[in-house]
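Here is what each chain is made of, one letter per residue.
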Amino acid sequence: MSANRDPSAPQIATVLLPLPLPEAFDYAVPEGMELNEGDHVVVPLGKRLSHGVVWGLRDGTGGNRPLKPVSERLDAPPFTASMRAFIDWTARYLAENPGLVLQATLRSRGGLSPSPTETLYHPTGQMPDRMTPARQAVLDAATQEPASGAELARRAGVSPGVVKGLADAGALRAEARDIDQPFPEPDPYRDGLVLNDGQEAAATQLRRLVAAGGFQAALLDGVTGSGKTEVYLEAIAELLRREPDAQVLVLLPEIALTQAVTARFEERFGVSPALWHSAIGPTERRRAWREIAAGRARLIAGARSAIFLPYRNLRLIVVDEEHDPTYKQDDGLTYHARDLAVARGKIEGAVTILASATPSLETLVNARAGRYGHIRLAARAGSAVLPEIETIDLREHPPEPGHWLSPPLTAAMAGTIARGEQVLLYLNRRGYAPLVLCRACGHKMKSPDTDRWLVEHRYTGRLICHTTGFSMPKPKACPECGAVDSLTSVGPGVERVAEEAALRFPEARVEVFSSDSAAGPNGVRDLIARMEAGEIDILVGTQIAAKGHNFPRLTLVGVVDADLGLKGGDLRAGERTYQTLVQVAGRAGRADRPGRALLQTHEPEHEAIQALLAGDRDSFLDLEALMREQLGLPPFGRLAALVMSGSDERLLVETARIAAAAAPLSDDVKLFGPAEPPLAVVRGRYRRRFLVQAQRNVDVSAFMATWMARFKLPSSIRARVDIEPYSFL
Ligand SMILES: Nc1ncnc2c1ncn2[C@@H]1O[C@H](COP(=O)(O)OP(=O)(O)OP(=O)(O)O)[C@@H](O)[C@H]1O
Ligand SMILES: [Zn+2]
């Protein structure tokens, strides 16, 4: 927009709406309204009003088709040019409507308005004519700390009328205060831990990147417990010292980890970061969104969706545990937060640090090719050493029938508990048993929606489908043959392993750590605090227990079924198993006492397990890379999936057939499908999948967009594009 345009000339605003529409709409800018690109506005849409963001401005009128005018300009911080560029880029990359991406950035409507206020009462110093004990109590409370009328009355133990009386008498003064207070400024000059030589070298490299400014991605590749957090905190401190307006985002894979990182931030910078994840309440969400949009919140820690927040001046992004599969969002807007973080870093000109002890092959290949810096930490911090890893061959040392812990593992557990140390038993299966079966007729209890086995949960007494959330009480009698008490639990989940551990060690305190047992972020925090305080002897946990935690007294990790991940069959199964085993073993011996990890397996000769025993990550990944390169799989080739679903199977099959015929194929692109996926039906909707495999230089996003534009989707059929899919179900 030129500075010297005639302010009375008619102007058109192109406004992007947070709706799944293919394009932005034009509106007339009413006379007297001054708009800029990025401004938040209210516009008419059909019979209602919608919020939108100005994507473009140009002189002109709608010609013979008069445009509806913009209704209102909102007084909210505008989206920056980089924010808008990031939304456009993401929409193009994901082959999605930009409005849907915009929607992902607007997860707090309250954040667009100024903070609501509350009235606080301050003492004026003037005494009321008549003093009573009740009035004195209120004045004392207000002198201690000004507060709302209700709060002062509560603290003084009197009725709210007393507060009002004091205000009327001039002894208290009412003052409005924003409910959403700004986040306090971090102090980057506090001392951190004394870094060891390896950490200091790594921190120096990162400080240099920050000092250079602009985009640069770096892999911070350090063994478990090497103190990667401490190193990236140094990079953050450097940035905060250099640039008084800079914002920093730290992405974490698990809400459970944000609590621990908050404590580390507090120690280092004297303040907690603004938090962003699915479990924060609407008030905190509104406060975080507004303060981030206004550029006042400088330290932000969040789960994957925090990549969509409207930062004003984002200068540094850290993706901690960058290999973690939870960064991939698999329904609704389908994205990988690590990939978007690198893209956003480029657009914003922000240094992007990817930290992990077990980097993804994608990231490692980028680092080896020199596209990312590669910074290594080879040793554990402090006096800790890496754990001894051994296998227990279940063919030689089988557990008793109906049990899951082998004699060598229970012997090691007994020794650990006797020394007053802690045990983590890892099994990536929630609930009590993965299958419930009728002994009389062999009937398997299955989810009515997906045909998958229902998982038994003993704590709640229910059978639950982990795919759809369907749940039912465990029946007394078999629904198939009617036999009573014939339903039997097959295989272990964490609840069952915990039951066995408790029976075997009746004096030990045993707890389960899974997304079911630890209800909400407070449940998780309490559980982590109890584990840190040594109030738990045996923790039986899923994935959630394997990541990032520091339990100083944990010295023995037992992996109940190290083979579980190897059978996954998807292209990342081996890599993921390796990562998980390294991470879970890495929880052992993180402080002064040495740790040990015992892996129960039927396949001790499997290359992922052999590499783990030898501590030879790189040759394992070299082999993995070679295999994928030969097959043209990521990161050496590109994949995209198209998942269609609908309740009318015949219409779905017909639509999929039409779609297949419409695909713009070339020599560089192969199309597989439509295929009936393992999850053939979900919630009454039938599903079909396509997989597109292309050479690395092919723009699969453009391919998918072109393809989608070439056929018409009946309104009852949904189609979801998944660029670089992780799930093939
Ligand atoms: N320089 C240091 N001196 C003493 N202790 C340190 C130092 N650096 C880190 N630590 C401690 O070592 C432990 C591990 O650090 P941190 O959690 O950052 O490791 P990490 O590399 O992120 O590990 P993982 O990848 O396994 O999660 C923490 O308890 C941390 O406080
Ligand atoms: Zn039966």
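Residues numbered from 1 in each chain as written. Chains lettered and ligands numbered in written order. Predicted model: local features only at pLDDT ≥ 70, side-chain atom pairs only at ≥ 80, totals over all residues. Heavy atoms only, no water.

- The name given to the protein in an unreviewed UniProt entry is Replication restart protein PriA, with the source organism recorded as Glycocaulis albus.
- Database annotation for the protein, UniProt heading Sequence similarities (unreviewed entry): "Belongs to the helicase family. PriA subfamily."
- What UniProt records for the protein under Function (unreviewed entry) is the sentence "Initiates the restart of stalled replication forks, which reloads the replicative helicase on sites other than the origin of replication. Recognizes and binds to abandoned replication forks and remodels them to uncover a helicase loading site. Promotes assembly of the primosome at these replication forks." (UniProt positions renumbered as here; feature names shortened; annotations may be inferred.)

1. Thoughts on the site of ligand 1
So, step 1. As a structural note, the neighbourhood of ligand 1 is formed by 20 residues, with V194, Q199, K228, T229 and R590 the closest of them.
So, step 2. Between ligand 1 and the protein, one listed contact pairs an oxygen atom with a side-chain N or O atom of N550 at 3.1 Å.
So, step 3. The element that contributes the greatest number of residues to the shell around ligand 1 is helix 7 (residues 228–242), accounting for 3 residues.
So, step 4. A class-by-class count of the residues in the shell around ligand 1 yields 5 nonpolar, 9 polar and 6 charged.
So, step 5. Here the shell around ligand 1 gathers at least three residues from each of two domains, domain 3 (197–377) and domain 4 (388–429 + 492–625). (Near = heavy atom within 4 Å. Polar contact = N/O pair within 3.5 Å; in protein donor to acceptor, adjacent residues only side chain to side chain. Helix = DSSP H or I, 4+ residues; strand = E, 2+ residues; numbered from the N terminus. Nonpolar A, V, L, I, M, F, W, Y, C, P; charged D, E, K, R; others polar. Domains from an automatic or database assignment.)

2. Quick look at the packing of aromatic side chains
So, step 1. The tally for this structure, following the rule as stated, stands at 9 aromatic pairs.
So, step 2. For the ring pair F79 and W289, a centre distance of 6.4 Å and an interplane angle of 45° mean the geometry is tilted. In this pair, F79 sits in the loop between strand 5 (72–73) and helix 1 (81–94) while W289 sits in helix 9 (residues 282–293), placing the two residues 210 residues apart along the sequence. Like F79, the residue W289 is buried in the burial classification. (Phe/Tyr/Trp six-rings, centres within 6.5 Å; stacked < 30°, edge-to-face > 60°. Buried < 20%, exposed > 50% of the residue type's maximum accessible area, 1.4 Å probe, protein only.)

3. As for the packing of helix 3 (residues 133–144) against helix 5 (residues 160–168)
So, step 1. Closest axis-to-axis distance for the helix 3/helix 5 pair is 10 Å, and the angle between their directions is 80°. One way to sum up the angle between helix 3 and helix 5 is to call them roughly perpendicular. Seen from helix 3, the contacting residues are A134, R135, V138 and L139; seen from helix 5, they are V162, V163, G165 and L166. (Axes fitted to C-alpha atoms, helices over the stretch in contact; angles between N-to-C directions. Parallel < 35°, antiparallel > 145°, perpendicular 65-115°, else oblique. Contact = heavy atoms within 4.5 Å.)

4. Topic: the domain arrangement of the protein
So, step 1. Annotation of the protein at the domain level lists domain 1 (11–85 + 98–105), domain 2 (117–178), domain 3 (197–377), domain 4 (388–429 + 492–625) and domain 5 (637–723).
So, step 2. Computed over C-alpha atoms, the centres of domain 2 and domain 5 are 66 Å apart.

5. Concerning the coordination of the zinc ion (ligand 2)
So, step 1. For the zinc ion (ligand 2), the full set of protein donor atoms is C438 (SG), C441 (SG), C478 (SG) and C481 (SG), at a range of 2.3 Å.
So, step 2. Classification of the site at the zinc ion (ligand 2) as tetrahedral follows from its 4 donor atoms and the range of 107 to 111° in their angles at the metal.
So, step 3. Motif for the zinc ion (ligand 2), donor spacing along one chain: C-x2-C-x36-C-x2-C.
So, step 4. Its relative accessible area of 1% is what places C438 among the buried residues.
So, step 5. A relative accessible area of 39% means that C441 is categorised as partly exposed. (Donors = N, O, S within 2.8 Å, 3.2 Å for Na, K, Ca; no water. Tetrahedral: all angles 85-135°; square planar, octahedral: opposite > 155°, others 65-115°.)

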